[in-house]
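Spelled out from the first residue to the last, the chains are:
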Amino acid sequence: MILRAAGLGSLPGTDLPAALRMLSEATPEVVAVPELPARGAGADMVGRTAAMLSGLGVDLQPAGWRLTDSAGIDQRRARARLRRDFDELEEHLQGHAGIVKFALAGPWTMASLVERPRGDKVLADHGARRELAQSLAAGADDLLAELRRRLPEVTWWVQVDEPMLAPVLAGKVATASSFSKHRAVDAAQVAELLDLFSGLAEVSGLHWCGRPEVEVMARVGFSAVSVDTGSLVSSDLDTLAQWLEGGRQVWWGAVPTAVVDQLGSLDEAAARLYRLFEVLGLDSEVLLGGLVTPACGLGTWSPLPAQEVLRQAARVAEITTERVADGR
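In this report, the structure presented in the accompanying data block is examined. (Residues numbered from 1 in each chain as written. Predicted model: local features only at pLDDT ≥ 70, side-chain atom pairs only at ≥ 80, totals over all residues. Heavy atoms only, no water.)

1. Considerations on the overall build of the protein chain
Then comes step 1: Helix and strand content of the protein chain: 12 helices and 10 strands.
Then comes step 2: Principal axes of the C-alpha set define a box for the protein chain whose edges measure 60 × 45 × 35 Å.
Then comes step 3: A burial count over the protein chain gives 54% of its 328 residues as buried.
Then comes step 4: Considering only intrachain contacts with a sequence separation of at least 6, the fraction spanning at least 24 residues in the protein chain is 70%.
Then comes step 5: If you sum the accessible surface of the protein chain, you get close to 13,800 Å²; carbon and sulfur atoms cover 48% of it. (Helix = DSSP H or I, 4+ residues; strand = E, 2+ residues; numbered from the N terminus. Buried < 20%, exposed > 50% of the residue type's maximum accessible area, 1.4 Å probe, protein only. Contact = heavy atoms within 4.5 Å. Areas by Shrake-Rupley, 256 points an atom, 1.4 Å probe, with all protein chains shown as cover.)

Here it is in structure tokens:
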């Protein structure tokens, strides 16, 4: 059993084949399909995910993406770009028999950032946010079916990005006017919609850049959760230990990314993760079953530092595997 490394999705630049080559070289065990937000509208996290919606139209307005009666020109362009990306992905990964991880924005992030036809966020409307989640789950399922047909030897994993999850739970998502906040959504309602995505792939991971959301984790059926190891406090470790003992993975965001283009110490990152494993005190097979990743996405970084972060993640995985095996 070895600890593997992977990216988290977003990368700098506009060249998808180049980004795929970089990921395949730096993290060959688990290749993350790159998101390249620098390519413009429809390539960002929300626009790219909007291209996956099934039977639900959106368009890009000055205030952001908004639900519409039919697909707008920006959604059609985003779908066309996604198809071109699939063509390039198929060409690059032809004959690849490993793991490939595909990311999409989750239902609560989409509900927090997409507006209803008459204004304000989808988050404000119980029916609209359920419809959006169901449309996205159906679209993601269709998308993965297509990817499996194109690349049948690949084992597909899914990463559901929820950067807005903490604000949703805390009632801190601003309304369209910015004068007030949307009501907090309780963990049971949050988990209900998230679970539409937990069975999409052999491994489905829930990612946010922060500490574990304990009440949500206790209710969802995801097989993996991603955490920023630099944000963990001692009370989080019991939660993670229970999660791991339940046969699930943790994706350890062990390489810091908070300061753009500033690389941290490889030795410190590896030492910090090994100390965390020592405190958890679980069997090596349990600890080494997940991934080492950057703490968050790298879309705002420059190409060379971003590449080095991915290489550091791979080295942290190697060093930690050796230390766990040696007991040191």
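2. Digging into the nonpolar core
Then comes step 1: By size, the foremost hydrophobic cluster in this structure holds 103 residues, and its most contacted members are Trp108, Trp156, Leu194, Trp252, Leu273, Phe277 and Leu280.
Then comes step 2: Setting aside residues no more than four positions away along its own chain, Trp156 makes contact with Val33, Leu89, Val100, Leu144, Leu147, Arg148, Leu151, Ala201 and Glu202.
Then comes step 3: Core analysis: the next-biggest nonpolar cluster, separate from the first, contains 8 residues, Ile99, Ala224, Trp251 and Leu291 among them. (Core = buried A, V, L, I, M, F, W, Y, C linked by side-chain atoms within 4.5 Å.)

3. Considerations on the packing of aromatic side chains
Ring pairs (aromatic) are described by centroid distance and by the angle formed between their planes.
Then comes step 1: For the structure shown, the criterion picks out 3 aromatic pairs.
Then comes step 2: Relative to Phe102, the ring of Phe86 has its centre 6.4 Å away and its plane inclined at 65°; by these criteria the two rings are edge-to-face. Here Phe102 lies in strand β5 (residues 99-105) and Phe86 lies in helix α3 (residues 73-92), a separation of 16 residues in the sequence.
Then comes step 3: Taking the relative accessible area as the measure of exposure, Phe102 reaches 2% and is therefore buried.
Then comes step 4: The cationic tip of Arg248 hangs over the ring face of Trp243; the distance from NZ or CZ to the ring centre is 3.7 Å. (Phe/Tyr/Trp six-rings, centres within 6.5 Å; stacked < 30°, edge-to-face > 60°. Lys NZ or Arg CZ within 6 Å of the ring centre and 35° of its normal.)

4. Quick look at the environment of Gln189
Then comes step 1: In this fold, Gln189 is placed in helix α7 (residues 187-194).
Then comes step 2: For the pair Gln189 and Ser54, spaced 135 residues apart in sequence, the C-alpha separation works out to 22 Å.
Then comes step 3: Excluding anything up to four places from it in sequence, Gln189 contacts Trp108, His126 and Arg129.

5. A word on the side chain of Ser198
Then comes step 1: Its location among the elements puts Ser198 in the loop between α7 and β7 (203-207).
Then comes step 2: For Ser198, a relative accessible area of 15% corresponds to the buried category.
Then comes step 3: A polar contact of 3.0 Å, which involves the side chain of Ser198, links it to the side chain of Asp195.
Then comes step 4: Those residues in contact with Ser198, other than ones at most four positions away along the chain, are Ser204, Gly221 and Phe222. (Polar contact = N/O pair within 3.5 Å; in protein donor to acceptor, adjacent residues only side chain to side chain.)

6. What about the packing of helix α10 (residues 266-280) against helix α12 (residues 303-326)?
Then comes step 1: The N-to-C vectors of α10 and α12 enclose an angle of 45°; their axes lie 9 Å apart at closest approach. Between α10 and α12, the interaxial angle falls into the category oblique. Crossing of α10 against α12: the hand is right-handed. Facing α10, whose interface residues are Leu266, Ala269, Ala270, Ala271, Leu273, Tyr274 and Phe277, α12 presents Gln312, Arg315, Val316, Ile319, Thr320, Arg323 and Val324.
Then comes step 2: Residues of the contact of α10 with α12, tallied by class, amount to 10 nonpolar, 2 polar and 2 charged. (Axes fitted to C-alpha atoms, helices over the stretch in contact; angles between N-to-C directions. Parallel < 35°, antiparallel > 145°, perpendicular 65-115°, else oblique. Left-handed = near helix turned anticlockwise from the far one by under 90°. Nonpolar A, V, L, I, M, F, W, Y, C, P; charged D, E, K, R; others polar.)

7. Looking at the environment of Ala295
Then comes step 1: Here Ala295 is to be found in the loop between β10 (291-294) and α12.
Then comes step 2: On the accessibility criterion, Ala295 (6% relative accessible area) is buried.
Then comes step 3: Here the alpha-carbon distance between Ala295 and Leu20, two residues 275 residues apart in the chain, equals 20 Å.
Then comes step 4: Not counting residues up to four positions away in its chain, the partners in contact with Ala295 are Leu8, His207, Cys209, Asp228, Gly253, Val255, Pro256 and Thr257.

8. Some remarks on the state of the cysteines
Then comes step 1: In this structure the tally under the stated criterion is 1 disulfide.
Then comes step 2: Note on cysteine connectivity: Cys209 is disulfide-linked to Cys296, with sulfurs 1.7 Å apart. For the disulfide bridge between Cys209 and Cys296, the dihedral angle about the S-S bond is near 75°, and by the sign convention the bridge is right-handed. One end of the pair, Cys209, is in the loop between β7 and α8 (214-217); the other, Cys296, is in the loop between β10 and α12, with 87 residues separating them in the sequence.
Then comes step 3: A residue is classified by how much of its surface remains accessible, and Cys209, at 36% relative accessible area, is partly exposed.
Then comes step 4: For Cys296, a relative accessible area of 25% puts it in the partly exposed group. (Disulfide = S-S within 2.5 Å.)

9. Section: the pairing of strand β6 (residues 155-161)
Then comes step 1: Within β6, 6 of the 7 residues are buried, which leaves it mostly tucked inside the rest of the structure.
Then comes step 2: Relative to β7, β6 runs parallel, the two being bridged by 5 bridges. Paired with Val160 across the bridge in β7 is Leu206. (Pairing = 2+ DSSP bridges.)

10. Quick word on the sheet that holds strand β9 (residues 249-255)
Then comes step 1: Strand order in the open sheet formed by 8 strands is β1-β10-β9-β8-β7-β6-β5-β2, with parallel pairing between adjacent strands. For this open sheet the edge positions go to β1 (4-5) and β2 (30-32), each flanked by a neighbour on one side alone.
Then comes step 2: In this sheet, strand β8 (residues 224-228) lies alongside β7 in parallel orientation, the contact comprising 3 bridges. Bridging from a neighbouring strand, Leu206 pairs with Val225 of β8.
Then comes step 3: Along the sheet, helix α5 (residues 126-150) contacts β5 and β6; its crossing angle with β5, the most-contacted strand, is approximately 155°.

Limitation: the analysis is restricted to geometry and does not speak to function.
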